[in-house]
Number of protein chains: 2
Amino acid sequence: MRVLGVDPGLTRCGVGVVEGVPGRPCALIAYYVVYTDPDDELPLRLLHLDRSLTELVAEHRPDSVAVERVFSQHNVRTVMGTAQASGIAVLAGARAGLPVQTYTPSEVKAAVTGSGQADKAQLTAMVTRLLRLPEPPRPADAADALALAICHVWRGGTRSKLAAAADRVRRGGAR
Amino acid sequence: MRVLGVDPGLTRCGVGVVEGVPGRPCALIAYYVVYTDPDDELPLRLLHLDRSLTELVAEHRPDSVAVERVFSQHNVRTVMGTAQASGIAVLAGARAGLPVQTYTPSEVKAAVTGSGQADKAQLTAMVTRLLRLPEPPRPADAADALALAICHVWRGGTRSKLAAAADRVRRGGAR
């Protein structure tokens, strides 16, 4: 199962691609940070982000896309741009016909480190270890995107099993 | 000058198309409300919104697109969806190669009613009068989108004059 994770941001948008199965270490395929210039106008920035994400989805052909869910507890100015970037990321996956799942930051932390309260350093350390990288991903923005992708591989597997079990029950009931 | 205005929303997204020149009444071309089902998943909703807006831009071939700027002073749950919808709207205009301008609600109210503090009823009444409609636009969500489009026709004209004047000054200085 190949997953493309997106940590949405208007100025820096992290993208991480991993492959794996639930409960086992994932393999790193690639990671990126898409930058847009804060001095550019919003339409140009969203267009650049849309094109970059669409290209990365086309290049890596993931089975699904995972995007971090945005909350408005952060800086008010920043959060609107982050929300717009997350909309573009979800759309890029949906336009490619892929399933798109969103996760809260604590869901990602809990899945990857075992604690929803983990800090950024812990998360980066776990991503580095889980993907057996010689050193932490640089730039650091990519680590969150990789964590999202790992989280989705592991949780996605669980969900698929549940879905399959539910299907069996439903088919059984219909007999 | 034909302008397509978008009052972004995830559940209800108003779209209004008008034609005109600065300082004179605009003519109504069309208005719509794009609905997405709150029970559907986010990727489906954004995809439907993207396709609808892209189709309306292709159908009406506006010279530019105006989108309401979103603030996070509203309901926290709603505002994230509104921000995502506004990102999709700005992107739809940019992908079509059109200039996209954003306006705050008070800029729109000031341009259309003369007061940045006008309430929704006043705005709708002025839109109805300015476009010489027999009755207010229904559903009401479309009135804000029409107000945005009118605002952009009137302000866009002003900006073009200013830009032209600035160009003349620049050309003069280069001689």
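Named according to an unreviewed UniProt entry, chain A is Crossover junction endodeoxyribonuclease RuvC originating from Micromonospora deserti. Taken verbatim from the UniProt record of chain A, the Sequence similarities (unreviewed entry) comment is "Belongs to the RuvC family." In the Catalytic activity (unreviewed entry) part of its UniProt record, chain A is described as follows: "Endonucleolytic cleavage at a junction such as a reciprocal single-stranded crossover between two homologous DNA duplexes (Holliday junction)."

A few words on the environment of Val-100 of chain A. Along the chain, Val-100 of chain A falls in strand β5 (residues 100-103). Excluding residues that lie within four positions of it along the chain, Val-100 of chain A makes contacts with Val-65, Val-67, Val-90, Gly-93 and Ala-94 of chain A together with Pro-43 of chain B.

Let's shift gears to the pattern of salt bridges. Opposite charge on two side chains makes pairing possible when the charged atoms of those side chains draw close. Residues and elements named next belong to chain A. According to the stated counting rule, one finds 10 salt bridges over all chains in the structure shown. For Asp-141, the salt bridge goes to Arg-12, with nearest N and O atoms at 2.9 Å. On the criterion of sequence distance, the pair formed by Asp-141 in helix α5 (residues 141-174) and Arg-12 in strand β2 (residues 12-19) is long-range, its members being 129 residues apart. Exposure remark for Asp-141: the relative accessible area of 19% places this residue in the buried category. Measuring nitrogen to oxygen at the nearest pair gives 3.5 Å for the salt bridge that ties Asp-50 to Arg-95.

Take the pairing of β2 of chain A next. All names here are of chain A. In terms of residue burial, β2 counts as a mostly covered element, since 6 of its 8 residues are buried. Two strands pair when backbone bridges link them, and strand β1 (residues 2-7) and β2 are joined in this way by 6 bridges, in the antiparallel orientation. Its bridge partner lying in β2, Val-6 is registered against Val-15. The antiparallel pairing of β1 with β2 creates a hairpin that spans 4 residues between the two strands. Note: β2 against strand β3 (residues 27-35), 8 bridges, orientation antiparallel. Counted as the bridge partner of Val-18 is Leu-28 from β3.

Moving on, we get to the pairing of strand β4 (residues 64-68) of chain B. Residue and element names in this part refer to chain B. Across the 5 residues that make up β4, a large majority, 5, are buried. The side-chain alternation of β4 yields two buried faces, one formed by Ser-64, Ala-66 and Glu-68 and the other by Val-65 and Val-67. In terms of strand pairing, strand β1 (residues 2-7) meets β4 through 4 bridges, oriented parallel. When the bridges of β4 are listed, Val-3 appears paired with Ser-64. Strand direction decides the pairing type here: β4 and strand β5 (residues 100-103), joined by 4 bridges, are parallel.

Take the nonpolar core next. If you look at the biggest cluster of nonpolar residues, it comprises 48 residues, and the most contacted ones within it are Leu-4 of chain A together with Leu-4 and Leu-53 of chain B. Ignoring any residue separated from it by four or fewer positions in sequence, one finds Leu-4 of chain A in contact with Val-15, Gly-16, Val-17, Leu-56, Val-57, Pro-62, Ser-64, Val-65 and Ala-66 of chain A. By size, the runner-up hydrophobic cluster in this structure holds 21 residues, among which are Val-108, Ile-150, Val-153 and Trp-154 of chain A.

Its rotation angle being 180 degrees, the transformation that places chain B on chain A also includes 0.0 Å of axial translation and leaves an RMSD of 0.0 Å. Such a combination of rotation and displacement between the chain copies is what one expects of a two-fold axis. Considering only C-alpha atoms, the part of chain B nearest the rotation axis is Gln-84 of chain B, at 2.3 Å. A share of 100% of interface residues in chain B that are also interface residues in chain A marks the association as one of identical surfaces.

Procedures and definitions
- Residues numbered from 1 in each chain as written.
- Chains lettered and ligands numbered in written order.
- Predicted model: local features only at pLDDT ≥ 70, side-chain atom pairs only at ≥ 80, totals over all residues.
- Heavy atoms only, no water.
- UniProt positions renumbered as here; feature names shortened; annotations may be inferred.
- Helix = DSSP H or I, 4+ residues; strand = E, 2+ residues; numbered from the N terminus.
- Contact = heavy atoms within 4.5 Å.
- Salt bridge = Lys/Arg side-chain N within 4 Å of Asp/Glu carboxyl O.
- Buried < 20%, exposed > 50% of the residue type's maximum accessible area, 1.4 Å probe, protein only.
- Pairing = 2+ DSSP bridges.
- Core = buried A, V, L, I, M, F, W, Y, C linked by side-chain atoms within 4.5 Å.
- Least-squares fit on C-alpha atoms with pLDDT ≥ 70 in both.

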